[in-house]
Amino acid sequence: METFEIVAKKNKKRNRKRIILWSTTVVVVFFGIYIGARMITGKLISNQAWKVVNEVQLVESVAFPNIETYTWSANGGDMLHGGIKGRQAKDIYGIPLDYGEYKADFGILNINRGIHFHANSGRYTESGATIQIENNQKVPQFYNKNVKEEKGESVHEPTKELPYVKDMQNQLVEVALTFDKPYSLKEIRAMIPKNLKTNWYWIGTNSTGDPSWWQPSNLYGTSPDYLTKKEYVHKKEAEEAIKKSQRRREIE
């Protein structure tokens, strides 16, 4: 009888140790799986966040008149979803001026709802100008000389606010110029006074639509710095091609 009790106690201790060992193993394995899953999903969310950043930078390289992102930050999320928000600024004669904030929500495998670039963020004035509600700034607007009014849609006329600039003493002013006809880049540069800083060129439109209603993310153009850089690169390439051609003729 005593032998049976001793064996039973030993089995009980052995079973308790097994239970503790298995429980510990399960907890460690589960914790390891959880950490691994967090690392994997964190990596996927990070990749999606960088995709958003790259997409915004790509859009800003061809759109957004004189507007670019200067800071990024996380905007909520969990193991399967993330968010990012960015703030944009305008360059007013070398001084950055805050323009507004946009957001993007995404999952670990895709961007769920796209990027919200200041959607419906403006209010319209009697002159036809659009004002940012968030910071009371004017939204960039461009005009089409060949615009045609469509049924149910009004057409904005250029606000013609340039005469007011002379009364704005000791202030930095951003203006958009609408020309009477298409001009080459060389002709435009010759017309712009040297004491003005040109920040951005709109590519224009061949349509009869009214671009003054378009969001900044749908206005395409580029900065003069990029054009100057491209001109330099093309000039350098052309000079090198000419030199190679001359050397080839000398050899022949």
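Residues numbered from 1 in each chain as written. Predicted model: local features only at pLDDT ≥ 70, side-chain atom pairs only at ≥ 80, totals over all residues. Heavy atoms only, no water.

**Observations regarding the layout of surface pockets**
- One number sums up the size of the second largest pocket: a volume of about 500 Å³.
- As for the second largest pocket, its lining consists of 23 residues, and the residues nearest its centre are Asn66, Ile67, Glu68, Asn199 and Ser223.
- Looking at the lining of the second largest pocket, the element that brings in the most residues is strand S1 (residues 67-77), giving four residues.
- Residue composition of the lining of the second largest pocket, grouped by class: nine nonpolar, eight polar and six charged.
- Residue assignment places the lining of the second largest pocket across two domains, with domain 1 (1-120) and domain 2 (140-221) each supplying three or more. (1 Å grid on protein atoms, 1.4 Å probe; cavity = no way out; pocket = protein on both sides within 12 Å on 5 of 7 lines; lining within 4 Å. Points joined across faces, edges and corners; volume = space filled by probe spheres on them. Helix = DSSP H or I, 4+ residues; strand = E, 2+ residues; numbered from the N terminus. Nonpolar A, V, L, I, M, F, W, Y, C, P; charged D, E, K, R; others polar. Domains from an automatic or database assignment.)

**What about the pairing of strand S2 (residues 81-92)?**
- Where S1 lies against S2, eight bridges are found, and the strand directions are antiparallel. Bridging across to S2, Trp72 finds its partner in Gly86.
- What sits between S1 and S2 in their antiparallel hairpin is a turn of three residues.
- For S2 and strand S3 (residues 95-107), the ladder comprises 12 bridges, and the chain directions are antiparallel. By the bridge assignment for S3, Lys85 is matched with Lys103.
- Hairpin geometry of S2 and S3 is characterised by an intervening segment of two residues between the two adjacent antiparallel strands and by a positive phi of about 55° at Tyr93. (Pairing = 2+ DSSP bridges.)

**A short note on the packing of aromatic side chains**
- The tally for this structure, following the rule as stated, stands at four aromatic pairs.
- Centre to centre, the rings of Phe142 and Trp202 are 5.2 Å apart; their planes meet at 40°, and the pair counts as tilted. Within this pair, whereas Phe142 is found in the loop between strand S6 (130-132) and helix H2 (185-191), its partner Trp202 is found in strand S7 (residues 201-202), the two being separated by 60 residues in sequence.
- Phe142 sits in the buried class, given a relative accessible area of 13%.
- Here the aromatic rings of Phe179 and Tyr183 are separated by 5.8 Å at their centres, their planes lie at 70°, and the arrangement is edge-to-face.
- You can call Phe179 partly exposed: its relative accessible area is 27%.
- Put simply, the rings of Phe142, Trp200 and Trp202 touch in pairs and so form one group of aromatic residues. (Phe/Tyr/Trp six-rings, centres within 6.5 Å; stacked < 30°, edge-to-face > 60°. Buried < 20%, exposed > 50% of the residue type's maximum accessible area, 1.4 Å probe, protein only.)

**Some thoughts on the nonpolar core**
- Val52, Val56, Phe64, Ile84, Phe106 and Phe117 are the most contacted members of the largest nonpolar core, which has 17 residues in total.
- Going through the elements one at a time, helix H1 (2-62) and S3 are the ones with two or more residues in this core.
- A total of six residues in this core trace back to one element, the largest contributor, which is H1. (Core = buried A, V, L, I, M, F, W, Y, C linked by side-chain atoms within 4.5 Å.)

**Comments concerning the pattern of salt bridges**
- Scanning all chains against the criterion turns up five salt bridges.
- Asp98 is the salt-bridge partner of Arg87, the closest N and O atoms lying 2.7 Å from each other. Of this pair, Arg87 sits in strand S2 while Asp98 sits in strand S3, and the two are 11 residues apart along the sequence.
- Accessibility expressed as a relative area gives 26% for Asp98, which makes it partly exposed.
- Of the charged contacts in the structure, one is a salt bridge between Asp91 and Lys197, with a shortest N-O distance of 2.5 Å. Of this pair, Asp91 sits in strand S2 while Lys197 sits in the loop between H2 and S7, and the two are 106 residues apart along the sequence.
- Three or more residues are tied together by salt bridges with common partners; here these are Arg87, Asp98 and Glu101. (Salt bridge = Lys/Arg side-chain N within 4 Å of Asp/Glu carboxyl O.)

**Details of unusual backbone geometry**
- Despite not being glycine, Tyr93 has its phi angle at roughly 55°, a positive value.
- With respect to the helices and strands, Tyr93 occurs in the loop between S2 and S3.
- You can call Tyr93 exposed: its relative accessible area is 52%.
- You will see that Asn170, though not glycine, has its phi angle at about 55°, which is positive.
- Checked against the element boundaries, Asn170 lands in the loop between S6 and H2.

**Observations regarding the confidence of the model for the chain**
- Residues with a pLDDT of 70 or more make up 76% of the chain, whose mean pLDDT is 76.
- Least confident of the elements in the chain is helix H3 (residues 224-251), whose mean pLDDT is 54; most confident is S7, at 89.
- This stretch, residues 231-235, has a pLDDT under 50; its non-local contacts, to residues over four places away or in other chains, come to two contacts. (pLDDT = per-residue confidence, 0-100. Contact = heavy atoms within 4.5 Å.)

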